[in-house]
Amino acid sequence: MFKVAFIGAGSVGFTRTLFSDLMSVPEFKDIEVAFTDINQHNLDMVAQLCQRDLESNGIGTKIHATTNRREALTGAKYVINCVRIGMLEAFESDIEIPLKYGVDQCVGDTLAAGGIMYGQRGIAAILDFCKDIREVAAPDALMLNYANPNAMMTWAANKYGGVNTIGLCHGVQGGHHQIAGALGLKKEDVDIICAGINHQTWYISVKHNGEDLTGKILEAYENNPDLSRTEKVRIDMLRRFGYYSTESNGHLSEYVAWYRKRPEEIINWIDIGNWINGETGGYLRVCTEGRNWFEEDFPKWLNEPPKSYKTDQRSEEHGSYIIEGLETGRVYRGHFNVMNNGCITNLPDECVIEVPGYVDGNGVSIPIVGDLPLGAAAICSQSVWVQRLAVEAAVSGDIVLLRQAMMMDPLTGAVCTPPEIDQMTDEMLVACESLLPQYKEAIAEAKIRLAGPLLPTKETKGAARLQTKTVEEMRRL
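The structure reproduced in this document is the subject of the present report. All residue numbers refer to position in the chain's written sequence, counted from 1. Given that this is a predicted model, residues contribute local features only at a pLDDT of at least 70 and side-chain atom pairs are listed and counted only at 80 or more, while totals for whole chains, interfaces and linings are drawn from all residues. Hydrogens and water are ignored here; the side-chain numbers use all heavy atoms of the structure.

Observations regarding the overall build of the protein chain
Note the cut-off: The helix and strand labels rest on DSSP assignments: H or I over at least four residues marks a helix, E over at least two residues marks a strand, and numbering proceeds from the N terminus. Radius of gyration here is computed from C-alpha atoms only, and the compact-globule reference equals 2.2 Å multiplied by the residue count raised to the power 0.38. Note on exposure labels: buried denotes an accessible area under 20% of the residue type's maximum, exposed denotes more than 50%, and partly exposed covers the range between, all computed with a 1.4 Å probe on protein chains only. In this description, contact between two residues means that some pair of their heavy atoms is separated by no more than 4.5 Å.
Secondary structure assignment for the protein chain yields 20 helices and 12 strands. Computed over the C-alpha atoms, the radius of gyration of the protein chain is 22 Å, within 12% of the 23 Å expected from 2.2 N^0.38 for a compact globule of 477 residues. If you line up the protein chain on its principal axes, its C-alpha atoms span 65 × 55 × 50 Å. In the protein chain, which comprises 477 residues, the share counted as buried stands at 56%. For the protein chain, restricting intrachain contacts to residue pairs at least 6 apart in sequence, the fraction spanning at least 24 positions comes to 69%.

Quick look at the structure:
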């Protein structure tokens, strides 16, 4: 008997998936569950769907749904964090403001200007979560963080929040499926080892029946008619650095300096058949369309058959497996985001890395990886310093450190001058003023600077942007 609390539970797809995974563990039928969110309406809808699933599966657990976060966290042994601080309104500013300065992002939630500013909001919030966890949750509670920017959030929670936190992502699993398919194999027959930092993790070992296939991946991708079209950035990085990256083409394209720096050339590196392949503001578009469609879908979900809690229908999200391993002793191997502490020997000890880990009744064990291949380590190192500057800026509300993080970011630095970065940072701070209490004085000064005169900016929708569909347009599809 233990308690799990979900923060940001109003995200219906993610919460329902993670909750279903958890309730598919036979021993977990009597656990205590709390959902919390700042949006009462969304929270009620998600709780209603999940409670119906519980009852259909003959489980007597009653979900406690509340907008009172401390109430939800009281006594919790495990806390699952899946918030988006600022919702789509703030997310839109993360995309639109940098775009005026030439920073063309596909996602903007991990690095680049959008990811850095997203981290400023998220870290301010997660430190509040940590305070509540320390004060009212179970002793030594474990937080499983799904919120982006994952590395920054996990770093802040561990270093400054005083809460044992593991960051979780599904990029490794997605790439694992893709590599196996490209090689003509099943995922379960391909053994991988990934190491790096979140969204810049590298498949440093790919084996089938003991044979190392790492050197065969490039040819397999180049000869695949679909992947050679949709994964141009990842293939180019593989060709130049020798290892395949976990993250999607669109994500990866905005983490480095080379593929989105010239608007007229961006289309050469991406594919707009799917947003994740590099579309300008693609994730913002699909999130906006998803929110606009939420009210339409909810009655349909209620009319669909409830979810069936079967062990063979669990998703590949790590969260439920970690809790299962800790509580039952069953061994689970996954890839987790943790403080380095010497695991990857050519990255700083104080950073968050994504590496293999093992979970059982004795806890979470992280084996030593050693050195990353030199080129992969160099790419990760640059991003680590951006993350470190951004974390320290968010904790202290130091605009000088924030500007330095922006300058050191590969894509932002590739297209912006220092004065442009200063002005862009001012605009982004002011746009999210209510969510950045640590920057109160800096924002007041930024408003004075923004009164003019100002550097010229561009009016652009981006190099490869699709129109966001209305509910009526989506209804006609």
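So that's the structure; there's more coming.
Overview of the pairing of strand E7 (residues 191-197)
Side-chain positions along a regular strand alternate between the two faces of the sheet. Which entries qualify depends on this criterion: Strand pairing is assigned whenever DSSP identifies at least 2 bridges connecting the two strands.
Counting buried positions over the seven residues of E7 gives five, a clear majority of the element. Here E7 folds back onto strand E8 (residues 200-208), and the loop between the two strands holds two residues, one of which, histidine 199, carries a positive phi near 75°.

Observations concerning the packing of helix H4 (residues 87-100) against helix H18 (residues 418-431)
Rules: Comment: axis = line fitted to C-alpha atoms, over the contacting stretch for helices; angle = value between 0 and 180 degrees taken between N-to-C directions. Angle categories: roughly parallel below 35 degrees, roughly antiparallel above 145, roughly perpendicular from 65 to 115, and oblique for all the rest. A clockwise turn of the near helix away from the far one marks a right-handed crossing, whereas an anticlockwise turn of less than a right angle marks a left-handed crossing.
The interhelical angle for the contact between H4 and H18, taken along N-to-C directions, is 155°, at an axis separation of 10 Å. The orientation of H4 with respect to H18, classified from their angle, is roughly antiparallel. Of the two possible hands of crossing, H4 and H18 adopt the one that is right-handed. Here H4 contributes Ser93, Asp94, Ile97, Pro98 and Lys100 to the contact with H18, which in turn contributes Met424, Glu427, Met428 and Ala431.

Re helix H6 (residues 150-159)
With eight of 10 residues buried, H6 lies mostly within the body of the structure. All of the buried residues along H6 are Asn150, Ala151, Met152, Met153, Thr154, Trp155, Ala156 and Ala157.

With respect to a nonpolar patch on the surface
Inclusion rule: Only residues whose relative accessible area exceeds 30% and that form no salt bridge are eligible for patches; like-charged ones are grouped when within 9 Å, while nonpolar side chains (Val, Leu, Ile, Met, Phe, Trp, Tyr) are grouped when within 5 Å. Note on areas: these come from Shrake-Rupley sampling with a 1.4 Å probe, and a residue is covered only by the protein chains present in the view. Whenever a carboxyl oxygen of Asp or Glu lies within 4 Å of a side-chain nitrogen of Lys or Arg, that contact is scored as a salt bridge.
A grouping of Ile267, Ile272 and Leu466 is seen on the molecular surface, where their side chains present a nonpolar patch of about 220 Å² in accessible area. Examined against the element boundaries, isoleucine 272 turns out to sit in the loop between helix H12 (263-266) and helix H13 (282-303).

So, unusual backbone geometry
Each neighbour pair has its own omega, and for asparagine 148 with proline 149 the value is -5°, a cis peptide bond. A cis amide bond links glycine 452 to the next residue, proline 453, at an omega of -5°. Of note, proline 453 is situated in the loop between helix H19 (440-449) and helix H20 (471-475). Unusually for a residue other than glycine, asparagine 341 sits at a positive phi of about 50°. When its relative accessible area of 61% is taken as the criterion, asparagine 341 is described as exposed.

Examining the pattern of salt bridges
Applying the stated rule across the entire model yields 36 salt bridges. Note that aspartate 132 is salt-bridged to arginine 69, the shortest N-O span being 2.9 Å. With a gap of 63 residues between them, aspartate 132 in helix H5 (residues 112-136) and arginine 69 in helix H3 (residues 69-73) connect regions that are remote in the sequence. Assessed through its relative accessible area of 6%, aspartate 132 is described here as buried. You can call arginine 69 partly exposed: its relative accessible area is 26%. Notably, a salt bridge pairs arginine 240 with aspartate 236, separated by 2.9 Å at the nearest N-O pair. Of this pair, arginine 240 and aspartate 236 both sit in helix H10 (residues 232-241), four residues apart, roughly one helical turn.

Remarks on the packing of H18 against H19
Worth spelling out the cut-off: Residue polarity follows a fixed list, in which Ala, Val, Leu, Ile, Met, Phe, Trp, Tyr, Cys and Pro are nonpolar, Asp, Glu, Lys and Arg are charged, and the others, Gly among them, are polar.
At a minimum axis distance of 9 Å, the contact between H18 and H19 shows a crossing angle of 120°. The orientation of H18 with respect to H19, classified from their angle, is oblique. In the crossing of H18 with H19, the sense of the turn from one axis to the other is left-handed. Of the residues in H19, those in contact with Asp426, Leu429 and Val430 of H18 are Ile443, Ala446, Lys447 and Arg449. For the contact of H18 with H19, the class distribution of residues is four nonpolar, no polar and three charged.

Here we look at the nonpolar core
Stated precisely, the cut-off is as follows: By nonpolar core we mean a set of buried residues, namely Ala, Val, Leu, Ile, Met, Phe, Trp, Tyr and Cys, connected to one another through side-chain atoms within 4.5 Å.
Ranked by size, the top nonpolar core spans 122 residues in total, and within it Val4, Phe6, Phe19 and Phe35 carry the most contacts. For valine 4, the residues in contact, after removing those within four places along its chain, are Leu22, Ile31, Glu32, Val33, Ala34, Tyr78, Ile80 and Ile323. Among the nonpolar cores identified, the runner-up in size contains 17 residues, and Val172, Val190, Ala220 and Tyr244 belong to it.

Description of the packing of aromatic side chains
We count it as follows: To pair, rings of Phe, Tyr and Trp, with the six-membered ring standing in for Trp, must have centres within 6.5 Å; the planes then decide the type, stacked if under 30 degrees apart, edge-to-face if over 60, and tilted in the middle. Over a ring means this: the NZ of a Lys or the CZ of an Arg is within 6 Å of the ring centre and within 35 degrees of the ring normal.
Tallying each qualifying case throughout the model produces 15 aromatic pairs. What links up through ring pairs into an aromatic cluster is the set Phe241, Trp258, Tyr259 and Trp269. Over the aromatic face of phenylalanine 91 sits the side chain of arginine 84, whose NZ or CZ is 4.2 Å from the ring centroid. If you follow arginine 314 out to its NZ or CZ, it ends over the ring of tyrosine 321, 3.8 Å from the centre.

Structural measurements only, silent on function.
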